[in-house]
Every structure is written in C-alpha cells, then in structure tokens.
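Working through the structure, step by step
Spelled out, the chains give:
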Amino acid sequence: MIQYNNIFNNPNMKCISQGGQFYVYEHQEDRSVSPGSATYAYFMKEMNVKKRQALIALNGTSAKVQAGAMQWISGNVEMSSGVTGVGNFLGKMVKGAVTGESAAKPVYTGQGYVMLEPTYNFLLIENVAEWGQGMVLDDGLFLACDAHLQESISKRSNVSSALMGGEGFFNLCLSGEGYAVLESPVPREELFEFVLNNDVLKIDGNMAIAWSSSLQFTVEKSTKSLLGSAVSKEGLVNVYRGTGKVLMAPTMSGTMRYDHNGPEQTIANASSTIFH
C-alpha cells in the first residue's frame with residue numbers, strides 16, 4: 001500500500017477536469033523560483049501560463065501514452081511497448097513519421113496511477129465517441145488515450161488539401177468508445193466548436209485543432225474566381241463539408257508561447273520585436 005502525501009492533497013495542485021480514467025491537474029503557481037526569476041514567474045501566473053499534468057487512474061484498465069511522457073508510476077502497473085513485432089514496429093514508424101506522433105506509444109495496464117510530465121500546454125480531455133466515426137487530430141496534439149481506442153491514418157481528400165491547407169498529407173485519427181487527452185496551444189474555453197449537419201465550414205488558415213473524420217476536408221478559393229479571391233485578399237480557405245464537428249482556435253498560438261515546454265521569448269525580446 002502506498003500513502004500519497006502532498007500530491008492529491010496539495011493546495012497548489014488543482015484538478016481542473018476529468019474524463020474516464022484521466023484527470024488534469026494544474027499547478028497554481030511556480031514556487032521553485034529564484035530572486036532573478038520571481039518577477040517573470042509572477043506575470044506568467046497572472047497570464048495563466050501554468051504547468052499542467054495528466055494523471056491516469058488505472059483500475060484494471062489500460063492507457064496508451066505518447067512515448068517519453070511518463071513522470072512516475074505507482075501501484076501494480078505494467079508497461080508494454082505497444083509493439084508486437086518487427087512488421088508492427090515498421091508500420092508504427094511510418095505512421096509516426098507522417099502524423100508527427102511517436103512511432104510507438106507505451107501501454108500501461110493494471111491497478112494504480114500514472115502521472116505524465118508537466119507541460120505549459122493546455123490539456124483537453126475529449127470523449128472520442130462524441131465525434132462519430134472518428135476524431136482527426138492536428139499534428140502533435142496526442143498525449144494519451146484509452147488503450148482500446150483504434151488508431152488510423154486520415155489522409156487528405158485531394159493533393160491540394162495537403163499542399164495548401166497547412167495540415168500535411170496525413171493526420172492521426174482516433175475512433176471507438178473512450179477518452180483521449182490532447183495537448184492544445186489554446187484553452188478549451190477559448191476554442192470555437194462548430195457542429196455541422198450536412199453543411200459547410202470555411203476557415204481562413206490552419207486554425208482547426210480537431211475535426212470529425214466524417215467531414216470532407218478540401219482547400220478551395222474563397223470566391224469562384226481567382227480575380228475575386230485576389231481582390232478580397234482572402235485567397236484560399238480550408239473547407240470542411242458534411243456532418244460532424246470542428247474545434248477551432250480563435251487565434252494562433254499564444255503571443256509569446258511557441259513550444260510545448262514554455263515561453264520561448266523573453267519579455268525584453270518581445271519588447272524589442274514590438275518596438276522595432
């Protein structure tokens with residue numbers, strides 16, 4: 001038996017969402033600071049730049065996790081590589097190369113807890129069954145999911161979608177009954193959700209976080225003629241057609257945050273960019 005002290009009863013770690021066996025904990029402030037970094041840490045907290053971690057509470061269940069994401073494990077939990085043979089590994093390598101995910105995703109099974117590494121990204125818990133036939137993810141969003149969910153490759157409906165849509169040729173698609181944890185540059189409360197019923201959604205730019213696999217994704221001119229597109233200054237738009245859902249970021253990634261580990265620019269660099 002393990003006694004957990006200053007973990008689940010830590011006032012600085014707040015559980016902000018839960019779905020199935022997945023929980024998201026948010027560090028309310030970074031207390032591991034020095035005098036030189038205290039001011040920076042203070043303004044990060046005020047602007048909601050916080051560390052977040054996903055906890056998996058296994059109860060005789062299994063979870064699939066992005067490679068290298070595990071921080072600690074407790075209880076009677078076993079880890080398998082998720083690879084069943086050479087052919088299976090080569091197939092996973094190809095799938096990972098075209099979707100931006102890890103080639104193999106470790107599977108954790110048993111009775112206990114698996115805590116994943118902290119990230120400054122926002123963690124979304126999505127019920128995959130609510131996405132119909134499947135949920136297509138933008139590159140690099142996958143963090144974890146129920147192990148029984150099926151993975152497949154969603155390819156663009158035409159070459160123009162891949163070359164001009166900013167989404168690449170292939171994306172990871174999850175399907176089945178269960179939950180998935182995604183790393184998003186945008187918090188869930190800021191994401192726009194469109195539910196299409198045999199209709200059309202046009203988005204200017206690569207702003208979609210996820211969309212139903214039942215939707216047809218193409219890239220088209222914003223107007224019927226090239227001249228009209230040039231005059232309107234809209235050019236090409238990403239078009240989602242059919243019945244399903246789309247999650248869209250209202251803005252691009254945060255003003256100063258460019259990678260999943262945290263702020264890339266310093267305040268001084270940002271000021272220099274603004275005023276020069």
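Basis of the calculations
Residues numbered from 1 in each chain as written. Predicted model: local features only at pLDDT ≥ 70, side-chain atom pairs only at ≥ 80, totals over all residues. Heavy atoms only, no water. Helix = DSSP H or I, 4+ residues; strand = E, 2+ residues; numbered from the N terminus. Buried < 20%, exposed > 50% of the residue type's maximum accessible area, 1.4 Å probe, protein only. Contact = heavy atoms within 4.5 Å. Areas by Shrake-Rupley, 256 points an atom, 1.4 Å probe, with all protein chains shown as cover. Core = buried A, V, L, I, M, F, W, Y, C linked by side-chain atoms within 4.5 Å. Salt bridge = Lys/Arg side-chain N within 4 Å of Asp/Glu carboxyl O. Phe/Tyr/Trp six-rings, centres within 6.5 Å; stacked < 30°, edge-to-face > 60°. Pairing = 2+ DSSP bridges. pLDDT = per-residue confidence, 0-100.

Turning next to the overall build of the chain. The number of helices and strands found in the chain is five helices and 17 strands. When burial is assessed residue by residue, the chain has 41% of its 276 residues classed as buried. Contacts spanning at least 24 positions in sequence make up 79% of the contacts within the chain whose residues lie at least 6 apart. When the accessible surface of the chain is summed, it comes to about 14600 Å², and 55% of that surface belongs to carbon and sulfur atoms.

Attention shifts here to the nonpolar core. In terms of nonpolar packing, the biggest core is built from 19 residues, with Met 135, Leu 137, Leu 174, Leu 182, Leu 191 and Ile 209 touching the most fellow members. Grouped together as the second largest cluster of nonpolar side chains are 17 residues, Ile 56, Val 65, Val 114 and Leu 143 included.

At Asn 48, a position not held by glycine, the phi torsion is positive, near 65°. Within the chain, Asn 198 stands out as a residue other than glycine whose phi angle is a positive 55°. The topology assignment puts Asn 198 in strand β12 (residues 192-203). Given the relative accessible area of 65%, Asn 198 is considered exposed.

On to the pattern of salt bridges. Summed over all chains, the structure comprises ten salt bridges. The partner of Glu 29 in a salt bridge is Arg 31, with the nearest N and O atoms 2.9 Å apart. For Glu 29, a relative accessible area of 29% corresponds to the partly exposed category. Residue class for Arg 31 comes out exposed when judged on its relative accessible area of 58%. Between Lys 51 and Asp 30 there is a salt bridge; the shortest N-O distance is 3.9 Å. Here Lys 51 is found in the loop between α1 (38-46) and β3 (52-65), whereas its partner Asp 30 is found in the loop between β2 (22-27) and α1, with 21 residues between them in sequence.

The next point concerns the packing of aromatic side chains. By the definition in use, this model includes nine aromatic pairs. Here the aromatic rings of Trp 211 and Tyr 240 are separated by 5.6 Å at their centres, their planes lie at 55°, and the arrangement is tilted. Of this pair, Trp 211 sits in strand β13 (residues 208-212) while Tyr 240 sits in strand β15 (residues 236-248), and the two are 29 residues apart along the sequence. Grouping residues by exposure puts Trp 211 and Tyr 240 together as buried.

The buried count for β2 comes to five of six residues, which makes it a mostly enclosed element. Across six bridges, the pairing between strand β1 (residues 13-19) and β2 is antiparallel. Counted as the bridge partner of Gln 18 is Tyr 23 from β2. Here β1 hands over to β2 after two residues, with Gly 20 in that stretch at a positive phi of 60°. Bridge count between β2 and β3: five bridges; the pairing is antiparallel. By the bridge assignment, Glu 26 is partnered in β3 with Arg 52.

Within the secondary structure, Thr 218 sits in strand β14 (residues 216-221). Assessed through its relative accessible area of 5%, Thr 218 is described here as buried.

On average, residues of the chain carry a pLDDT of 81, and 73% of them reach 70 or more. Contacts from residues 85-99, a stretch scored under 50 in pLDDT, to residues over four places away or in other chains number 21 contacts. Here residues 226-233 scores under 50 on pLDDT; set against residues more than four positions off or in separate chains, the count is nine contacts.

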